[in-house]
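Chain by chain, the residues:
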Amino acid sequence: MKASISRNFFYHIYPLGMCGAPARNDFTSPAGTGLVRLQEIIPHLKYLGITAVYLGPLFESTAHGYDTLDYYHVDRRLGTNADLSALVKALHDAGISTVLDAVLNHTGRHFFAFRDLQENGANSKYRDWFLNVDFSKQSPAGDAFSYEGWSGHYDLIKLNTGNPEVREYLFGAVKLWIEEFGIDGIRLDAADVLDPDFMDALSGFCTSIKPDFWLMGEVVHGDYRNWVTEGRLDSVTNYEVYKGLWSSLNDQNLFELAWSLNRQFGEEGIYRAMILYNFADNHDVNRVASLLKNQNHLFILYGLLFTIPGIPSVYYGSEWGLRGEKQNGSDALLRPAIQDMSEQGKRSDVPAACIPKTDSVALENAIRIFAEIRAHHPALQSGEYCQVLVAGEQLVFRRWTESEEILIAVNASEQPVSLSLAVDSFARDNDTWLDVLDCNREFRCSGGKLKLDIPPF
C-alpha cells in the first residue's frame, strides 16, 4: 500500500454511527451485524472509485469507540472478529485497502488494567500503566487517586506508552490486527500527543511484520514535519487545508486557501515531499454541507479536494451532501445511521436535519467524475504544484510531471468570468489543451495567452 498511497482515494466510515449501534455498550448483548452489513456498500465504493477505506474505532468500548476496554476483540455492538476478517477480505477482493483507527493514547474507564487500579489502588500491578497516577488526591471522576486524562477528559485515561508492558500489550493487539484481520494500515488517534519514541517503535514493529504497512496520524495543530519522518509516520491529517477549503469559499477569499497551498506545496513549500491526508469533514467536525453558506460551492470544494496535492478522503454520506452539526456537546448528527446500505444514495433513517438541500445525485456523480479524472492523471496524484492566478473568487493552479501538464481553474462566483492567463512558464502558442470536464474539448494558446471562459460555480 505504501508505494501506491498517492494514488488512493479514501472513504472514511465511523462504524458505530453508520451502522446504528446503541449509544452505550451493555457488555452482555449478542454480537451485532453492522460489520456484516458494511459489505453491502462495497458496490457503492467501487462506483465512486474508492481505493481505500478508513474505519473508525472498532474494538470493544463503553460508548463512542475511543474509550477502549479491549483491543483484542471487536465491539459486540458491531459484530465479531470473524466479521471484521470477512469485511477486510471482501474489501481486498474488490481492490480496496483497509486502514483501522488505533486508539493507543488512552483507554476507557472499563479497561481491565484501570479496573484493577481502582480495586487494588497502590498495590495494583498496573499502577504504572497510566500517566501521573497520584494516590494523594482524588480524580475529578471520583476515584481514590488522580491520573491524567486526555485533554481534560477523565473518561479517557492516558496510557504510559513508555512502559514496556504497555507497549507489549498494544503491539500485540496491532500484530493481531495485521495477521488475523489483514489490515493495510492504521490511523493513530491523538498522534499529536503521543510519545515520539512510541511512534518510532510502533512504526518499526509494524513494518517488520508487513513492510508496506501505512501509518497515518491525527494531528490537529503543529508542524507536520515533526510526525511525517522516516521511521515514524507516513502521513497526517491536513487540518490547515481542511479549514481553508470551506472558509475561503464562505468568505469569497480564495487567497486564504491559496496561501496555505503555496506554503505547503509551492516551490518552497515546507511539505512538498509529503503526501498529506486531505478531507472536507470527518466524525469530529461539522459536516461541510452545514458549514458552506452556498451549497453550489460543494461542487467546487470537492473539485479542489481531488486536484490539490495529497490524498483525498470523503466522509460517509458527504458524497450526498449530508448535513450535521454538533448540538449541546453531542456529535450524534455528525455520525448518523444509514439503514439501507445496498443502494447508492439511500438514507431512509438519516435524521431529518441531515437530509441534503443540494442535489445529492449530482454531487455524488461529480465526486465520481473527479475521482476518475484523478485516477487517470498522475500529475494530480504526485505532480508538482504552482499557482497561476489568485483572486477573491477565482483560483488557477498547475499540477505537472515530466509527461503531463494540468491546469485547474476555479470560479466560485455566481457570475461567469473570462480569464486571460500568461503561459510563458508552462505552454507555447498553438499548444493544444483538452478540457477533461467537457468531453476533451480542444482549445489553443494564442499570443502568449490562454483564454478561459468559466461558468458560475
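None of these values were measured; they are calculated from a predicted model.

What counts as what
- Residues numbered from 1 in each chain as written.
- Predicted model: local features only at pLDDT ≥ 70, side-chain atom pairs only at ≥ 80, totals over all residues.
- Heavy atoms only, no water.
- Helix = DSSP H or I, 4+ residues; strand = E, 2+ residues; numbered from the N terminus.
- Polar contact = N/O pair within 3.5 Å; in protein donor to acceptor, adjacent residues only side chain to side chain.
- Contact = heavy atoms within 4.5 Å.
- Salt bridge = Lys/Arg side-chain N within 4 Å of Asp/Glu carboxyl O.
- Buried < 20%, exposed > 50% of the residue type's maximum accessible area, 1.4 Å probe, protein only.
- pLDDT = per-residue confidence, 0-100.
- Pairing = 2+ DSSP bridges.
- Core = buried A, V, L, I, M, F, W, Y, C linked by side-chain atoms within 4.5 Å.
- Phe/Tyr/Trp six-rings, centres within 6.5 Å; stacked < 30°, edge-to-face > 60°.

K.L.:
I'd like a rundown of the side chain of N282, residues and numbers included.
P.N.:
Topologically, N282 is positioned in the loop between strand 12 (277-279) and helix 10 (288-291). There is a polar contact of 3.1 Å between the side chain of N282 and the side chain of Y239. A polar side-chain atom of N282 sits 2.8 Å from the main-chain amide nitrogen of D284. Those residues within four positions of N282 in sequence are excluded, and the remaining contacts are H12, Y239 and Y315.

K.L.:
Break down the pattern of salt bridges for me, with residues and values.
P.N.:
Under the defined criterion, the tally for this structure stands at 23 salt bridges. As a salt-bridge pair, K243 and E256 come within 2.9 Å of each other at their nearest N and O atoms. Taken as a pair, K243 in helix 8 (residues 239-250) and E256 in helix 9 (residues 254-265) lie far apart in primary sequence, 13 residues in all. Looking at K243, the relative accessible area reads 38%, which means it is partly exposed. One network of salt bridges, with partners in common, ties together D101, R187, D189 and E218.

K.L.:
Which residues make up the confidence of the model for the chain, and what values go with them?
P.N.:
Chain-level pLDDT for the chain is 94 on average; 96% of the residues reach the 70-or-more range. This model gives residues 344-348 a pLDDT under 50, and the stretch forms 15 contacts once residues within four places in sequence are excluded.

K.L.:
Give a description of the pairing of strand 1 (residues 10-13) that names residues and reports values.
P.N.:
Residues of strand 1 alternate between two faces, with F10 and H12 on one and Y11 and I13 on the opposite face, all of them buried. Where strand 1 meets strand 13 (residues 311-315), three bridges bridge the pair, whose relative direction is parallel. Along strand 13, the bridge assignment pairs Y11 with V314. Where strand 1 meets strand 2 (residues 52-55), four bridges bridge the pair, whose relative direction is parallel. By the bridge assignment, H12 is partnered in strand 2 with Y54.

K.L.:
A description of the sheet that holds strand 6 (residues 106-107) should follow, citing residues and the corresponding values.
P.N.:
With antiparallel pairing, three strands are arranged side by side in an open sheet as 6-8-7. The sheet is open, and its two edges are formed by strand 6 and strand 7 (149-150), each paired on a single side. Two strands pair when backbone bridges link them, and strand 7 and strand 8 (residues 153-158) are joined in this way by two bridges, in the antiparallel orientation. Across the sheet, G149 pairs through a bridge with I157, a residue of strand 8.

K.L.:
An account of the nonpolar core is needed here, citing residue identities and associated values.
P.N.:
Membership of the largest hydrophobic core comes to 132 residues, with the highest contact counts inside it found for F10, Y11, L104, W177, L188, L202 and Y302. If one sorts the elements of this core by residue count, helix 6 (residues 164-181) sits on top with 10 residues. When sequence neighbours within four positions are dropped, the list of residues in contact with W177 reads F59, Y71, D101, A102, L104, G182, I183 and I186. Counting 14 residues, the second-largest nonpolar core is a separate cluster that includes V396, V417, V423 and L452.

K.L.:
Which residues make up the packing of aromatic side chains, and what values do they have?
P.N.:
Tallied over the full model, the rule gives 35 aromatic pairs. Aromatic pair F9 and F306: ring centres 4.8 Å apart, planes at 85°, arrangement edge-to-face. Residue F9 is found in the segment before strand 1, and its partner F306 is found in the loop between helix 11 (297-305) and strand 13; the two are separated by 297 residues along the sequence. Accessibility assignment for this pair places F9 and F306 in one class, buried. Centre to centre, the rings of Y385 and F397 are 5.3 Å apart; their planes meet at 40°, and the pair counts as tilted. Of the two residues, Y385 is situated in strand 14 (residues 384-390) and F397 in strand 15 (residues 394-401); the sequence distance between them amounts to 12 residues.

K.L.:
I'd love a proper account of the environment of R398, names of residues and values included.
P.N.:
Position of R398 among the secondary structure elements: in strand 15. Remark: the alpha-carbon pair of R398 and F426, spanning 28 residues in sequence, is separated by 8.8 Å. Here the side chain of R398 touches E405 through a polar contact of 2.6 Å, side chain to side chain.

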